[in-house]
Amino acid sequence: MAMPVSGVPTEAPVAQVPAGHALARVGRAIRSNRKATTGTVLLAIFILIALFPGVIAHDSPTADAYAPHLPVSTAHLLGTNAYGQDLFAQVVWGTRNVLIIAFVVGLATTGIAVLIGVAAAYLGGGWDGTLNVLTDVLLVIPLFPLLIIIAAYAHGEGTIVLIMAITLTSWSYTARQLRSQALTLRNRDFLVAARVRGERSLYVIVMEVIPTMTSLIVASFLTNALYAVLLASSLQFIGLGDPNTVSWGTTLYWAENNAALQTGEPLWAIAPGACIALLGAAFALLNYAFDEIGNPALRPVRRSKRVRST
Amino acid sequence: MRYALRRLGFFVLTLWVALTLNFLLPRLMPGNPALAMMTKFHDQGATPQTLKTLETLFGVNSQQSLLGQYFGYLHHMLTGNFGTSLSEYPASVASVIGSAIWWTLGLVGITTILAFALGTGLGIVSAWRRGGKLDSIVPPVFVITSAIPYFWVAMVLVLIFALSLHWFPSQGGYYVTTDTPGFNLTFFQDVINHAFLPAMALLITTIGTWILTMRNTMITTLAEDYVRMARAKGLPGWRIMFDYAARNAILPNLVGFAMSLGFVVSGAILIEYVFNYPGVGYMLLQAVDGEDYPLMQALFLLITVAVLFAILAADILTAILDPRTRAAR
């Protein structure tokens, strides 16, 4: 599974811009870029669903309240499954678990990566060597198989174990990117000035280095959140999460276990999978939009009327 | 030379980390999963010798200290003694893996090569005709496909082409009941028929990375002076496209290709699972399901070693193809 190659954006000196202006600028950037607009709207919809699932779906996602195999109707927008559970309610309530995983893992992995990557680059010497080897080793060990064996020994321990396992194993790619970005900053004048002022390393890293890398950090968060959604759903799908949580991956697990495709209940498997794809697309679109804003060379061009050289 | 030695050291270190993870995980996890497994082996009527090997591998009922267990375990691993499979008892783990690996190498290996060749080609054309039809369709489409869980693509393909249209079989590697493996045309056709849908699922979900990487690198090389000079010389378009722009842009994709060969073994776990394809990935999940820890350990090790070799290959490839990296080191 290759990570998408996100171009390392050139400098983004956002640190000096007052907060209000920065927000306005982000707003303008989102509106002017079609990918960013679509991504933001999709993500906002999912966040609303996750916050107020009860308003949208009136049924309980876990109650076996209805006749099994009911077709699609106004009462059951996606029908019911083999256990007589309302599928629409399952998909709506499942949003919360997925979004929690996406945001917690996204923030935690990016946080660890920022600390380790920037510290390695800024401190240099032995620190850099040690942290580098740690990052490299983790980068090389195949992530998904490792998660599978961890989850296998943990025996369906639920969302918290899932979050911890994914976080601890998947920060290395971001750390590597951030380190190379921080290395290019190392000998800039403003950092030399801070050192001459006699500031402590921690202060320089947190107050001077990290703010200049905001755009790369945000892009990393989006990538990590996307991968968290895909990894967690995959693990839940093969039955390595807690099968009793309400989540898209778990719904897929029960669908596969009951051979939903073969028994004429395709929606049981299609609907939660489509939701994963849509949420994933939201993160991916935002990420690419960020890339385009940071790296103008990649922006789509209008077809020019330039005569093609022959 | 010093660089090569350092890389070698790094590979040994990574291998050691993988081995140690395999050793520590079953011992650290709550509820002693290994003990439950040993009970099952007992019920299977395992020989005392088998049980003794497994005790060293998993540290159950062992009188040895943890350090002693660790060295015993390392010794077994380095001498290629991976123990006995629980789910396929009494077959050894090595022989069980040996029967599955060819299915994975065939399916995923060939599909990886196809995806690389096709994706790179599309990327070249897409960058060359910047803003053209292909270029305006391909990137946004693959932004979306990169976010789709690939097991779900597999499920959709099964639904459409196997269950609704009945064009292809929905699972397995060949018709187990009517066909016997052998070197003949019917068996060959049967295998291709079964491999088609899993291969498509894999192709759809992996090709986007190749296209986008190639396109983005080539857009950069197209702006270089030597391309402008080739245009000024009046060279034909296809020569500029392949010999000047694509040739200098292909390095990241080639290195990525070398790397991706390492992920052939582990890259299609979920697709094999959806199709019940008799390869290594499906076997790993079966081992997890049946609590066949010796098989699981050995597969994880195999997957890691494959990736390490691929990275080594990518390193060598970069050194050969890009003179700048040689000078820098």
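The rules behind these values
Positions within a chain are numbered from 1, following the residues in the order the chain's sequence is written. Just so you know, chain letters begin at A and ligand numbers begin at 1, following the order they were written in. At least 70 in pLDDT is required for a residue's local features to be given in this predicted model, at least 80 for side-chain atom pairs to be given and counted, and no such filter applies to totals for whole chains, interfaces and linings, which use all residues. Only DSSP runs of H or I with at least four residues qualify as helices, and only runs of E with at least two residues qualify as strands; both kinds are numbered from the N terminus onward. As a rule, residues whose C-beta atom has 12 or fewer other C-beta atoms within 10 Å are exposed, those with 20 or more are buried, and those in between are partly exposed; C-beta atoms are placed from the backbone. For every residue pair, C-beta atoms are placed from the backbone, and the pair is scored as a contact if these atoms sit within 7 Å. Structural elements are reduced to axes, namely lines fitted to C-alpha atoms, with helices fitted over the stretch in contact, and the angle between N-to-C directions of any two is expressed from 0 to 180 degrees. Roughly parallel means an angle under 35 degrees; roughly antiparallel means over 145; roughly perpendicular covers 65 to 115; every other angle is labelled oblique. Handedness of each helix crossing follows the sense of rotation of the near helix against the far helix: counterclockwise by less than a right angle gives left-handed, clockwise gives right-handed. Basically, the charged four are Asp, Glu, Lys and Arg, the nonpolar ten are Ala, Val, Leu, Ile, Met, Phe, Trp, Tyr, Cys and Pro, and anything else, Gly included, counts as polar. For every residue, the predictor assigns a confidence score, pLDDT, that lies between 0 and 100. For this analysis, nonpolar core means a set of buried Ala, Val, Leu, Ile, Met, Phe, Trp, Tyr and Cys residues linked through C-beta atoms within 7 Å. In a helix, the anticipated span is given by 1.5 Å times the number of residues less one. The bend reported for a residue corresponds to the angle between axes fitted to the seven residues ending at that residue and the seven starting there. Here the arc refers to the set of directions running from the helix axis out to each C-beta atom.

> Please give an account of the overall build of chain A that cites residues and values.
Within chain A one finds 13 helices and 0 strands. Ordered by position from N to C terminus, the α and β elements of chain A give α-α-α-α-α-α-α-α-α-α-α-α-α. Burial analysis of chain A (310 residues in total) assigns 44% to the buried set. Long-range contacts, defined as pairs at least 24 residues apart, comprise 71% of the intrachain contacts of chain A with a sequence gap of at least 6.

> Now, about the overall build of chain B: what can you tell me, with residues and values included?
A tally of regular secondary structure across chain B gives 15 helices and 0 strands. The proportion of buried residues among the 329 residues of chain B is 41%. Taking as baseline every contact in chain B between residues at least 6 positions apart, the subset at least 24 positions apart corresponds to 71%.

> Provide a residue-level description of the packing of helix 5 (residues 125-140) of chain A against helix 1 (residues 2-28) of chain B, including the pertinent values.
At a closest axis distance of 10 Å, the pairing of helix 5 of chain A and helix 1 of chain B adopts a crossing angle of 65°. With respect to each other, helix 5 of chain A and helix 1 of chain B are oriented roughly perpendicular. Judged by the sense of rotation from one axis to the other, the crossing of helix 5 of chain A with helix 1 of chain B is right-handed. Contacts between helix 5 of chain A and helix 1 of chain B involve A:Val133, A:Asp136, A:Val137 and A:Val140 from the former and B:Phe10, B:Leu13, B:Thr14 and B:Val17 from the latter. Looking at side-chain class alone, the contact of helix 5 of chain A with helix 1 of chain B contains 6 nonpolar, 1 polar and 1 charged residues.

> Report on the confidence of the model for chain B, specifying residues and quantitative values.
All names here are of chain B. Mean pLDDT for chain B: 81, with 91% of residues reaching 70 or above. Within chain B, helix 12 (residues 269-274) carries the highest mean pLDDT (89), whereas helix 15 (residues 323-328) carries the lowest (62). Predicted complex, confidence summary: ipTM 0.83, pTM 0.82.

> Pulling in residues and values, what's your account of the nonpolar core?
Soluble, globular proteins show a tendency: their nonpolar side chains are buried together. Core analysis: the biggest nonpolar cluster contains 174 residues, and A:Val229, B:Ala154 and B:Leu299 have the highest contact counts within it. Here this core takes 18 residues from helix 4 (residues 87-123) of chain A, the largest share from any one element. Setting aside chain neighbours within four positions, we find A:Val229 in contact with A:Val98, A:Ile101, A:Ala102, A:Ile276, A:Leu279 and A:Gly280.

> Give me the lowdown on the interface of chain A and chain B, citing residues and values where you can.
Listed as interface residues are 48 residues of chain A and, on the opposing side, 52 residues of chain B. Sorting the residues of the side of chain A that touches chain B by element identifies helix 5, helix 6 (143-154), helix 11 (214-237) and helix 13 (266-294) of chain A as the ones contributing at least two each. For the side of chain A that touches chain B, the element with the highest residue contribution is helix 13 of chain A, accounting for 12 residues. Its residues assigned to classes, the side of chain A that touches chain B comprises 36 nonpolar, 9 polar and 3 charged.

> Residue-level account of the packing of helix 4 of chain A against helix 5 of chain A, with values.
All names here are of chain A. Direction vectors running N to C along helix 4 and helix 5 enclose 145°, while the axes themselves pass 7 Å from each other. For the element pair helix 4 and helix 5, the recorded crossing hand is left-handed. Residues Ile116, Ala119, Ala120, Ala121 and Leu123 of helix 4 pack against Gly125, Trp127, Asp128, Leu131, Asn132 and Thr135 of helix 5. Here the contact of helix 4 with helix 5 is built from residues that sort into 7 nonpolar, 3 polar and 1 charged.

> Explain helix 7 (residues 150-164) of chain B residue by residue, including any values.
All names here are of chain B. Its 15 residues place the ends of helix 7 20 Å apart at the C-alpha level, agreeing with the 21 Å of an ideal helix rising 1.5 Å per residue. Roughly 30° is the biggest bend found in helix 7, and it falls at Val158. Every buried residue of helix 7 is accounted for by Tyr150, Phe151, Trp152, Val153, Ala154, Met155, Leu157 and Val158. Positioned one or two residues after helix 7, His166 has a phi angle of 55°, which is positive.

> Break down helix 10 (residues 237-249) of chain B for me, with residues and values.
All names here are of chain B. For helix 10, the full list of buried residues reads Ile240, Met241, Tyr244, Ala245, Ala246 and Ala249. Taken down its axis, helix 10 places every buried residue within 165° of arc, on the same side. Away from its buried face by more than 90 degrees, helix 10 exposes Trp238, Arg239, Asp243 and Arg247. Each element contacted by the buried residues of helix 10 is listed here: helix 5 (93-128), helix 8 (185-222) and helix 9 (225-232).

> Before we move on, could you go through unusual backbone geometry and cite the residues and values that matter?
All names here are of chain B. For His166, which is not a glycine, the phi torsion comes out positive at approximately 55°. Summarising the element assignment, His166 is placed in the loop between helix 7 and helix 8. At Asn276, a residue that is not glycine, the phi angle is positive and equals roughly 50°. Tracing the backbone shows Asn276 in the loop between helix 12 and helix 13 (280-289). Residue classification places Asn276 among the exposed residues on the basis of 12 C-beta atoms within 10 Å.

> Lay out the environment of A:Tyr83 in plain terms, naming residues and giving numbers.
Residue and element names in this part refer to chain A. Mapping Tyr83 onto the fold places it in the loop between helix 3 (53-56) and helix 4. On the neighbour-count criterion, Tyr83 (14 C-beta atoms within 10 Å) is partly exposed. Residues Tyr83 and Thr62 lie 21 residues apart in sequence; the distance between their C-alpha atoms is 9.5 Å. Once you skip the residues sitting within four places of it in the chain, Tyr83 turns out to touch Asp64 and Pro68.

> Go over the environment of A:Ala284 with me, naming the residues and quoting the values.
Residue and element names in this part refer to chain A. Mapping Ala284 onto the fold places it in helix 13. Here Ala284 falls in the buried class, since 24 other C-beta atoms lie within 10 Å of it. With 59 residues separating them along the chain, Ala284 and Ala225 place their C-alpha atoms 9.5 Å apart.

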